Amino acid sequence: MVFTTDDPTDPFLQLLQPPHDETPSQATARLKRETDAQRISDEIDEEISKSKAIAKRDSAVVKVLLLGQAESGKSTCLKNFRMRYDPQAWEKERNGWRTVVQFNIVRSIINILSVMEAELGGETLGDDESSINESMKFTDLHQLLLIRLAPLRGVESNLKHWLGAGAEPLQTSLPMAATPFEAPVHNPSSESAREFAVRCWHDVVDPDARQPGQSGPDFESTTITLASCRDDMRTLWEDRKVQLALARRKLKLPDSAGFFLNELDRIATREYVVTDDDIVRARLRTVGIQEYKLRFKDVPLEAPTIDGAWEWRIYDVGGCRTTRHAWLPFFEQHLQAIIFLCPISCFDERLEEDRRVNRLEDSTVLWYSICGSKLLAKTQLICFMNKCDLLKSKLKKGVSISQYLTSYGDRPNEVVDFVKYLREKFRVILKERSPQPRASYIYPTTVTDTKATAKTLESVRDGIFRENLIKAQLM
Ligand SMILES: Nc1nc2c(ncn2[C@@H]2O[C@H](COP(=O)(O)OP(=O)(O)OP(=O)(O)O)[C@@H](O)[C@H]2O)c(=O)[nH]1
Ligand SMILES: [Mg+2]
C-alpha cells in the first residue's frame, strides 16, 4: 500500500494529529508550542548554515607555520615558497636582497678581522697558546690587510643604518659555557659575531615598505668600496693562517659565508646582479613573526576558494631559544600545517644560545613536543630533514656521526643511512606521540637548492590540499 503525505490513513500523520477532545485553550497552547519549536529549529538551521559558510571560508585559507631551531632554514624555506608562487613580489624585492648579500659579506670579513686583531693583539686562548708555532703567526701582510680593509667598517655602519629600526643585533642571553665536551673558549670576536636580526623582511627589502623620507645608504659607494676591497678580501679569506686562526678561535660564520666569500669575484663588483641562489643564501636572523600571503589560482575545481583563489598564510618565526615564547599564540590558532625544519648536518654542533645543548638533540626534543601537543592534534606535521648538502660535505671530511650520537652505533657513516635512521626515528616519535593518528610526511631537503625544493613544495602543497579538502568535506 502506498501512502501520500496528505493521506488521512497515513499512520504517521495520524500519530501527529491533535487529540480529538482538545479544548480551544489547549489548542492555542499547542499552536504556540509548535510555533516556538519551529522558530528554534529555524535558528538552529541558520546557525548551522552560518558555521558551514565560515568553515568553508576557513578551509579556503590555509595557515602554515614554519618551525625549527635558529638557522634551521625556516626563512630560506619561505623564500622558496615566494620565489615559486609569488614571482612578482620576489622580483620587486630582488634589489633589496642585493644589499643584504653585500651586508653579509662585510659582516663576515669584519668578524674575520676581529679574530686577526685578537691574535695580533696577543689575546691568548689559554693552554692552546703553546700549540701555535711560528709558521702559524700573523705577519706584516696581515697587518696590511687590516689597514686596507678598514673602509669596510664604514660600509658596515652605513648598511646597519639602512637595516634601520627593523633590525637589531641578536642578544643571546646565555654565556658561552664550559661543557663536558668542549673547553671554554674566550672568543674576543663574539661581540662582533652577533648576527643582525629583522622583525620582517618587508621593512628591509621591499622598496614600498621604506618610510617616506627615510634616508637610504649610499648604495653606489657601498658597491664601489666592496669592489675596491675585492682582492684583499679574497686574500684574507684564502689565507691559510687566517683559516687556522678561525678554527682555533672557533669563530662560527653563518653557513652561507663560505658560499659568498668563494664568489667574491662575481659579487664584489660594480656590475653585480643578485641571483636567486644568492637570495636564498642571504642571511637575516628572524625575531618576532612574519606573515606572508600566497594565493594559488590553479586549484582543482572542488577546492574551497575565496574569489577563485586558495589563500595561504605562512608564518615565519625566530628559532632562537630566547624568542621561542612567540610560538605559543600560534599553537592556539587553527593551523592546518606545520613545516618543521630539522638541520640534520648539525649532529656535531651546539646551540649558539646554550652551548650545553647539541643541536640535533634540541631539534629532536622540539619534534617530540610538537607531535605530542594536544593543541596541534589536528595540525598536519611535515618535517624537512634539511641541510643534506652540508651533511654530505661534513661526512666527506670524515666527521663521525656515532662519535656525537652513540645510538647511531656502527651504521655506515653515509648520508643515505643517516637520513634513513633519522627518518625512522622521527616517524616513530610522530606515531607514538600524536594524540590521534597522523600521516607521516618527512622529506630530506637542501632548501638552498631551489630546483629540488620546488618539487618538494609541490608535493607538500598537494598533501596540504588533500588533507584540507578531506576536513572540509567532513564538516
Ligand atoms: N648549505 C645550506 N645552507 C642552508 C640550508 N638551509 C638554510 N641554509 C642557510 O642557513 C642560514 C640560516 O637559514 P635561515 O633560513 O635564515 O634560518 P632560520 O631557521 O630562519 O633562522 P632564524 O631566523 O634564526 O630562526 C642561511 O644562510 C641559509 O642560506 C641548506 O639546506 N643548505
Ligand atoms: Mg629566519
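Residues numbered from 1 in each chain as written. Chains lettered and ligands numbered in written order. Predicted model: local features only at pLDDT ≥ 70, side-chain atom pairs only at ≥ 80, totals over all residues. Heavy atoms only, no water.

K.L.:
Explanation requested: the overall build of the protein in the structure shown.
P.N.:
Looking only at helices and strands, one finds 19 helices and nine strands in the protein. Within the span of the protein, comprising 475 residues, buried residues form 48% of the whole. A separation threshold of at least 6 residues defines the contact pool for the protein, and within that pool the share at least 24 residues apart is 80%. (Helix = DSSP H or I, 4+ residues; strand = E, 2+ residues; numbered from the N terminus. Buried < 20%, exposed > 50% of the residue type's maximum accessible area, 1.4 Å probe, protein only. Contact = heavy atoms within 4.5 Å.)

K.L.:
Would you take a moment to explain the sheet that holds strand β7 (residues 337-343) for this structure?
P.N.:
Remark on secondary structure: sheet strands pair via backbone hydrogen bonds, oriented parallel or antiparallel. Strand order in this open sheet of six strands is β5-β6-β1-β7-β8-β9, and the pairing throughout is mixed. Edge positions in the sheet fall to β5 (289-296) and β9 (441-444), since each of these pairs with one other strand and no more. Each neighbouring strand pair of the sheet contributes to a mean axis angle of 20°, computed without reference to strand direction. In this sheet, β9 lies alongside strand β8 (residues 380-386) in parallel orientation, the contact comprising four bridges. Within β9, the position partnered with phenylalanine 384 by the bridge is tyrosine 443. Against the sheet, helix α3 (residues 74-85) contacts β1 (61-67), β5, β6 (310-317), β7 and β8, and its axis sits at roughly 155° relative to β6. (Pairing = 2+ DSSP bridges. Axes fitted to C-alpha atoms, helices over the stretch in contact; angles between N-to-C directions.)

K.L.:
In this structure, what is going on with the coordination of the magnesium ion (ligand 2)? I would like to understand it.
P.N.:
A metal bound by six donors in octahedral fashion has ideal angles of 90 or 180 degrees, whereas one bound by four tetrahedral donors has an ideal angle of 109.5 degrees. Around the magnesium ion (ligand 2), the donor atoms from the protein are Ser75 (OG) and Thr286 (OG1), and they sit 2.1 Å away. You can see serine 75 sitting in helix α3 and its partner threonine 286 sitting in strand β4 (residues 285-286), a full 211 residues away along the chain. With relative accessibility at 11%, the residue serine 75 sits in the buried group. (Donors = N, O, S within 2.8 Å, 3.2 Å for Na, K, Ca; no water.)

K.L.:
Honestly, the packing of aromatic side chains in this entry has me stumped. Any pointers?
P.N.:
For any pair of aromatic rings, the description consists of the separation of the ring centres together with the inter-plane angle of the planes. As enumerated under the stated definition, the model contains 16 aromatic pairs in all. Taken together through their ring pairs, the aromatic side chains of Phe81, Tyr85, Phe296, Trp310, Trp312 and Phe465 make up a single cluster. Lysine 394 extends its terminal NZ or CZ atom over the ring of phenylalanine 347, reaching a point 5.7 Å from the ring centre. (Phe/Tyr/Trp six-rings, centres within 6.5 Å; stacked < 30°, edge-to-face > 60°. Lys NZ or Arg CZ within 6 Å of the ring centre and 35° of its normal.)

K.L.:
What should I look at first to understand the site of ligand 1 in this one?
P.N.:
Taken together, 25 residues lie near ligand 1, and Lys74, Thr76, Arg283, Gly319 and Asp389 sit nearest. For ligand 1, an oxygen atom lies 2.6 Å from a polar atom in the side chain of arginine 283. Mapped by element, the contributors of at least two residues to the shell around ligand 1 are α3, α13 (276-281), β4 and α16 (388-396). In terms of residue count, α3 provides more of the shell around ligand 1 than any other element does, three residues in total. (Near = heavy atom within 4 Å. Polar contact = N/O pair within 3.5 Å; in protein donor to acceptor, adjacent residues only side chain to side chain.)

K.L.:
When you look at helix α4 (residues 87-120) in this model, what are you seeing that I'm missing?
P.N.:
The periodicity of an α-helix, 3.6 residues per turn, causes residues three or four places apart in sequence to face the same way. Counted at 1.5 Å a residue, the expected span for α4 with its 34 residues is 50 Å, and the 48 Å between its end C-alpha atoms agrees. At arginine 94, α4 shows its largest bend, some 45°. Counted residue by residue, α4 has 27 buried out of 34 residues, so it is predominantly covered. Positive phi shows up at glycine 122, right after α4, with a value of about 80°. (Expected span 1.5 Å × (residues − 1). Bend = angle between axes of the 7 residues up to and from the residue.)

K.L.:
How should the UniProt feature "binding site: Mg(2+)" (unreviewed entry) in the protein be read in this particular structure?
P.N.:
Those residues carrying the UniProt feature "binding site: Mg(2+)" (unreviewed entry) are Thr286 in this numbering. Its relative accessible area of 7% is what places threonine 286 among the buried residues. Separated by 2.9 Å, the side chains of threonine 286 and serine 75 make a polar contact. (UniProt positions renumbered as here; feature names shortened; annotations may be inferred.)

K.L.:
Please explain the packing of α4 against helix α10 (residues 240-248) as it appears in this structure.
P.N.:
In a pair of packed helices, the angle between the axes and the distance between the axes together describe the arrangement. Direction vectors running N to C along α4 and α10 enclose 85°, while the axes themselves pass 10 Å from each other. It follows from the interaxial angle that α4 and α10 lie roughly perpendicular. Counting all contacts with α4, which are made through Ile112, Val115, Met116 and Glu119, the residues of α10 involved are Val242, Ala245, Leu246 and Arg248. Taken together, the residues of the contact of α4 with α10 sort by class into six nonpolar, no polar and two charged. (Parallel < 35°, antiparallel > 145°, perpendicular 65-115°, else oblique. Nonpolar A, V, L, I, M, F, W, Y, C, P; charged D, E, K, R; others polar.)

K.L.:
Help me understand a nonpolar patch on the surface in this model?
P.N.:
A grouping of Ile40, Ile44 and Ile48 is seen on the molecular surface, where their side chains present a nonpolar patch of about 260 Å² in accessible area. Mapped onto the fold, isoleucine 44 is located in helix α2 (residues 24-59). (Patch = residues over 30% accessible without salt bridge, like charges linked within 9 Å, V, L, I, M, F, W, Y side chains within 5 Å. Areas by Shrake-Rupley, 256 points an atom, 1.4 Å probe, with all protein chains shown as cover. Salt bridge = Lys/Arg side-chain N within 4 Å of Asp/Glu carboxyl O.)

K.L.:
Would you mind going over the pairing of β5 with me for this structure?
P.N.:
On a regular strand, each side chain points to the face opposite its neighbour's, so the side chains alternate between the two faces of the sheet. In β5, alternate side chains face the same way, and those of Gln290, Tyr292, Leu294 and Phe296 are buried while those of Ile289, Glu291, Lys293 and Arg295 on the opposite face are not. Taken together, the eight bridges between β5 and β6 define a ladder with antiparallel strand orientation. Looking across to β6, one finds that lysine 293 is bridged to arginine 313.

K.L.:
What is the right way to look at a negative patch on the surface in this model?
P.N.:
On the surface, a cluster of negative charge is made up of Asp42, Asp45, Glu46 and Glu47. In this fold, glutamate 47 is placed in helix α2. Assessed through its relative accessible area of 48%, glutamate 47 is described here as partly exposed. (Lys, Arg positive; Asp, Glu negative; His and termini not counted. Charge placed at Lys NZ, Arg CZ, Asp CG, Glu CD.)

K.L.:
When you look at the environment of aspartate 265 in this model, what are you seeing that I'm missing?
P.N.:
Following the sequence through the fold, aspartate 265 ends up in helix α12 (residues 264-267). For the pair aspartate 265 and aspartate 231, spaced 34 residues apart in the sequence, the C-alpha separation amounts to 8.4 Å. In contact with aspartate 265, other than residues within four places in its own chain, are Arg230 and Arg234. A polar contact of 2.8 Å, which involves the side chain of aspartate 265, links it to the side chain of arginine 234.

K.L.:
Would you mind going over the pattern of salt bridges with me for this structure?
P.N.:
Once the charged atoms of two side chains with opposite charge are near each other, the side chains can pair. Per the stated rule, a full pass over the model turns up 35 salt bridges. Two residues, arginine 248 and glutamate 119, come together in a salt bridge whose shortest N-O distance is 2.7 Å. Placement of arginine 248 in helix α10 and of glutamate 119 in helix α4 is noted, with a sequence separation of 129 residues between them. Assigned by exposure class, arginine 248 and glutamate 119 land together as buried. The salt bridge involving lysine 252 is made with aspartate 255; its shortest N-O contact spans 4.0 Å. Here lysine 252 falls in the partly exposed class, since its relative accessible area comes to 43%. Among the charged side chains, a salt-bridge network with shared partners connects Arg321, Arg324, Asp354, Arg356 and Asp362.

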